[in-house]
Amino acid sequence: MDSLPLVGGRISYFGHLGTVKFIGEVENTTGIWLGIEWDNPDRGKHDGVKDGKRYFSCRVSNAGSFIRPSAQVIRGVSFLQALKAKYVEQFHGSASQEKVILGSSNGVIEVKAVNLDKIRSKFANLGRLREVSLENELVSRVDESGLIRETCPNVRGLDLSASLFSTWGIVADIAVELPVLQRLALNRNRFTEMTLDRSKMSTSFQSLTELQLNGTLISWREMQQVTSFMPRLVSVELGSNRICELGFSAPIITHSQIRNINLEGNQCKVWTRICQSLSTYDQLERVILASNEIDSIAPPAHNSLILKKLEHISLSSNNLKSWNDLDALSIWCPSLTSLSVIGNPLVESGDEIRYSRPFIIARLPALCTLDSTAVSAKERTDSELFYLSYLSRRFSLHEPGFEMASLMREHPRWEALSKKHGTALGMSGISSHQDRLSRKLIGMGNERPTVSKTHALAREIGEWMDPTTVRALPTMSLKVFEHKVRKALKIDKESKTSFWLKMNDGTWAELSDNFHDLDWLGLETGSKVLCCVTTA
C-alpha cells in the first residue's frame with residue numbers, strides 16, 4: 001500500500017470491515033502494526049491488550065486484533081467511483097453484433113445481439129436514477145464539489161450501508177448534492193468522530209424523511225444531535241446498537257416531526273425510562289421495542305409521560321410475564337390500535353396461554369390488530385364476554401371475604417366492560433355467555449400423519465386415540481387457531497401444517513382460508529380436526 005491509513009479511519013481487509021485504532025510498533029515484534037477494531041467482534045482476538053500492555057481500546061469487548069499494513073488493506077473509493085462501477089457497464093466498441101450467453105442455460109445457449117452499446121448508453125444515464133444502493137461498495141470519500149449533483153441529481157433513496165467513511169461530514173457532503181434525497185440508509189457503519197459542522201449539516205438533509213442507523217453503535221443522544229439537522233424526518237431506525245439507556249432529554253430540534261422509532265434488538269430493559277425518553281416526541285405513532293429484555297411494565301407515575309398518540313407498538317420477544325403489564329400498557333398508550341407480543345412468556349407459557357388472545361383484546365379497548373391478525377368487532381365482543389365469564393368464576397359477590405378493591409386492582413377493565421355489556425358478577429347472564437364462549441371446544445386428534453397420508457384422508461381413519469381438546473372462541477381466525485394448535489401439540493416452527501375437518505358424511509375437508517373465523521368454517525363444539533404435519 002502507498003501510505004498508512006489514519007487512526008480513526010475505516011478499512012476493509014479480505015471483506016471484513018474495521019476501524020484503525022492504533023498504528024505503530026508492538027513490543028517483542030519488528031515493524032509496523034495496525035490495531036483494528038472489527039465491526040464483527042467474532043473477527044477479533046482481544047480488546048487492544050497484548051502481553052499485558054494496552055495499545056488501544058474497543059467499544060465492543062474482544063473485537064480487536066493486529067494486522068500488518070498490506071495491499072489487502074483497502075481504504076475505499078469515492079461516491080461516483082462506486083456508483084459508476086455498479087450502474088455503468090463498459091462499452092464494447094462499435095461492432096453491430098455481440099455474442100451473449102444466456103445465464104439460465106449454464107453456458108449452453110449462445111445468441112447474437114445487435115446494438116447492445118445503445119442499450120448500455122441508455123442505462124448509463126445516471127441522471128435517471130431514483131433509488132441507489134451502494135451497500136458494501138466501500139464508499140469512503142466524496143468527489144469534487146458539484147460532480148455528484150451533476151451526475152445523479154434525482155436520487156430519492158440512497159443506501160450507503162457498510163461503507164468506509166468515519167465522519168458525518170462526508171455523509172453531509174454527499175447528501176447536500178442530492179437536493180431531493182428523502183431516504184438514507186447508513187446501517188452497519190461506524191462514526192468515530194461526532195463533532196458536527198453546523199453550517200454543513202444544516203443544509204444537507206432538508207428533504208430527508210427516513211433515516212436508518214441500524215448496527216452503527218450510535219447512542220440515543222448522538223442520534224438526537226444528528227437528527228436535529230433533519231427538520232422533516234419522520235422515521236428513524238436504531239436497531240441492534242447495544243443501547244442500554246436512552247437518556248431523558250428533550251429533542252434538540254423543537255417541534256420534531258418524528259412519528260416512527262425502531263429500537264429493535266437493543267438492551268433497553270427499564271420501561272419507565274424508555275417512555276420518559278419517548279414522551280419528548282409528541283408526534284410519535286409507532287415504536288418497535290422487540291428483543292429488548294423488557295420484563296415488566298409499571299403504571300405511569302405522571303400523566304405527562306403518557307404516549308397519547310402512540311398507535312402501534314411491538315414488544316415481541318421480550319420477557320413480559322404478568323397480565324398487569326398489559327393493564328399498565330393500556331394506561332401508557334390509550335390510543336393503541338396495534339400490538340405485537342409474540343415471544344413473551346406471558347403468551348408462550350403458563351396455565352392461561354390458551355386464553356392469551358381474548359384476554360389481551362379485552363384489556364386493550366382500542367386494539368384493532370394483535371400479532372399481525374385483525375381484531376373484528378365480533379371477536380372483540382366475544383373476547384370481552386369471555387373475559388367477564390372468566391372473572392365470574394374467579395370472583396363472587398356472595399363469597400365470604402370478597403373484596404371489590406382486589407378485583408378492581410387486578411382487573412381494572414372489569415367495571416367498564418360490565419357497564420358495556422350490562423353484566424355483573426354473579427348474574428345469570430354471565431353463565432349463559434360462559435356456555436356460549438368458554439365451552440366452545442374443538443376435539444382434535446393428535447396423530448400427525450406425513451404428507452403421503454394426507455391423500456388418504458377421504459377414507460375413515462378409524463377410532464380416535466386420545467385426541468387433544470383445544471378451547472377456542474368461534475371468532476378466532478384459522479391463522480390464530482394454527483398458532484394455538486402448534487403450542488398444544490408442540491410442533492416445531494420449521495414444520496408445515498394443514499388442517500382437515502371431518503364432515504358429517506365421514507369425509508375430510510381441508511381448511512385453507514387463514515383469515516376466516518372458525519364459526520364461518522363450520523367448526524363447532526365436538527368438531528374433529530386433523531392436523532397434518534410436514535417435517536422439514
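Please read these numbers as outputs of a predicted model, since none were measured by experiment.

### What to know about the overall build of the protein chain
Here is step 1 of the chain: The helix and strand tally for the protein chain stands at 16 helices and 27 strands.
Here is step 2 of the chain: Of all 536 residues assigned to the protein chain, the portion counted as buried reaches 48%.
Here is step 3 of the chain: Considering only contacts in the protein chain between residues 6 or more positions apart, those separated by 24 or more positions represent 73%.
Here is step 4 of the chain: Within the structure as shown, the protein chain displays about 26,700 Å² of accessible surface, and the carbon and sulfur contribution to it stands at 49%.

### What to know about the packing of aromatic side chains
For any pair of aromatic rings, geometry is given as the distance between the ring centres together with the angle between the planes.
Here is step 1 of the chain: Per the stated rule, a full pass over the model turns up 19 aromatic pairs.
Here is step 2 of the chain: A ring pair is formed by Phe22 and Tyr55, whose centres lie 5.3 Å apart and whose planes are at 65 degrees; its orientation type is edge-to-face. Placement of Phe22 in strand E2 (residues 16-24) and of Tyr55 in the loop between strand E5 (53-54) and strand E6 (64-67) is noted, with a sequence separation of 33 residues between them. Each member of the pair Phe22 and Tyr55 is classed as buried.
Here is step 3 of the chain: In this structure, Arg43 packs its charged tip against the face of Trp38, placed 4.5 Å from the ring centre.

### Some points on the nonpolar core
Here is step 1 of the chain: Ranked by internal contacts, the top residues of the largest apolar core, which has 93 residues, are Phe79, Trp168, Leu315 and Leu339.
Here is step 2 of the chain: When residues of this core are assigned to their parent elements, the largest contribution, six residues, is made by helix H4 (residues 168-175).
Here is step 3 of the chain: In contact with Leu315, other than residues within four places in its own chain, are Trp271, Leu289, Ala290, Ile294, Ile297, Leu320, Leu329, Leu339, Ser340, Val341 and Asn344.
Here is step 4 of the chain: In this structure, Phe481, Ile491, Leu501 and Leu518 belong to the second largest nonpolar core, which totals 18 residues.

### Section: unusual backbone geometry
Here is step 1 of the chain: The phi dihedral of Asn136 falls on the positive side, at around 65 degrees, and the residue is not glycine.
Here is step 2 of the chain: Here Asn136 lies in the loop between strand E11 (131-133) and strand E12 (139-141).
Here is step 3 of the chain: Look at Asn136 and you get partly exposed, because its relative accessible area is 49%.
Here is step 4 of the chain: The phi dihedral of Leu217 is positive, around 65 degrees, even though this residue is not glycine.
Here is step 5 of the chain: Here Leu217 is to be found in the loop between strand E15 (210-212) and helix H6 (220-227).
Here is step 6 of the chain: For Leu217, a relative accessible area of 12% corresponds to the buried category.

### Comments concerning the sheet that holds strand E22 (residues 373-374)
Here is step 1 of the chain: Reading across the sheet, the 11 strands line up as E11-E13-E14-E15-E16-E17-E18-E19-E20-E21-E22 and stay open at both edges, with mixed pairing between neighbours. The open sheet is flanked by E11 and E22, the only strands paired with a single partner.
Here is step 2 of the chain: Note: strand E16 (residues 235-237) against strand E17 (residues 260-262), three bridges, orientation parallel. Within the sheet, the bridge partner assigned to Glu237 lies in E17 and is Asn262.

### With respect to the sheet that holds E2
Here is step 1 of the chain: As summarised here, the arrangement of the five strands in space is E6-E3-E2-E1-E7, forming an open sheet in which the pairing is antiparallel. Edge positions in the sheet fall to E6 and strand E7 (73-74), since each has one partner strand and no second.

### Comments concerning the environment of Thr203
Here is step 1 of the chain: Position of Thr203 among the secondary structure elements: in the loop between helix H5 (198-201) and E15.
Here is step 2 of the chain: Put simply, Thr203 and Ala172 are 31 residues apart on the chain and 8.3 Å apart in space, counted from C-alpha to C-alpha.

### Focus on the confidence of the model for the protein chain
Here is step 1 of the chain: Residue-level pLDDT values for the protein chain average 84, and 81% of them are 70 or greater.
Here is step 2 of the chain: Taken as a whole, residues 426-463 scores under 50 in pLDDT and shows 97 contacts with residues more than four places along the chain or in a different chain.

### Describing the environment of Pro231
Here is step 1 of the chain: Note that Pro231 resides in the loop between H6 and E16.
Here is step 2 of the chain: Among the residues examined, Pro231 registers a relative accessible area of 34% and is labelled partly exposed.

### Description of the pairing of strand E25 (residues 496-502)
Here is step 1 of the chain: Among the seven residues of E25, five are classified as buried, and the element is accordingly described as predominantly covered.
Here is step 2 of the chain: Sheet analysis places E25 next to strand E27 (residues 528-534), joined by six bridges and oriented antiparallel. Residue Leu501 lies in a different strand from E27, and its bridge partner there is Val529.
Here is step 3 of the chain: In this sheet, strand E26 (residues 508-511) lies alongside E25 in antiparallel orientation, the contact comprising four bridges. Note on E26: the bridge partner recorded for Trp500 is Glu510.

### Looking at the packing of helix H10 (residues 356-363) against helix H11 (residues 377-394)
Packed helices, taken two at a time, are described by their axes: the angle between them and the distance between them.
Here is step 1 of the chain: The geometry of H10 relative to H11 is characterised by a closest axis approach of 8 Å and an angle of 100 degrees between their N-to-C directions. Put simply, H10 runs roughly perpendicular to H11. Contacts between H10 and H11 involve Arg357, Pro358, Phe359, Ile361, Ala362 and Arg363 from the first element and Glu379, Arg380, Ser383, Glu384, Phe386, Tyr387 and Tyr390 from the second.
Here is step 2 of the chain: Split by residue class, the contact of H10 with H11 holds seven nonpolar, one polar and five charged.

The rules behind the values
- Residues numbered from 1 in each chain as written.
- Predicted model: local features only at pLDDT ≥ 70, side-chain atom pairs only at ≥ 80, totals over all residues.
- Heavy atoms only, no water.
- Helix = DSSP H or I, 4+ residues; strand = E, 2+ residues; numbered from the N terminus.
- Buried < 20%, exposed > 50% of the residue type's maximum accessible area, 1.4 Å probe, protein only.
- Contact = heavy atoms within 4.5 Å.
- Areas by Shrake-Rupley, 256 points an atom, 1.4 Å probe, with all protein chains shown as cover.
- Phe/Tyr/Trp six-rings, centres within 6.5 Å; stacked < 30°, edge-to-face > 60°.
- Lys NZ or Arg CZ within 6 Å of the ring centre and 35° of its normal.
- Core = buried A, V, L, I, M, F, W, Y, C linked by side-chain atoms within 4.5 Å.
- Pairing = 2+ DSSP bridges.
- pLDDT = per-residue confidence, 0-100.
- Axes fitted to C-alpha atoms, helices over the stretch in contact; angles between N-to-C directions.
- Parallel < 35°, antiparallel > 145°, perpendicular 65-115°, else oblique.
- Nonpolar A, V, L, I, M, F, W, Y, C, P; charged D, E, K, R; others polar.

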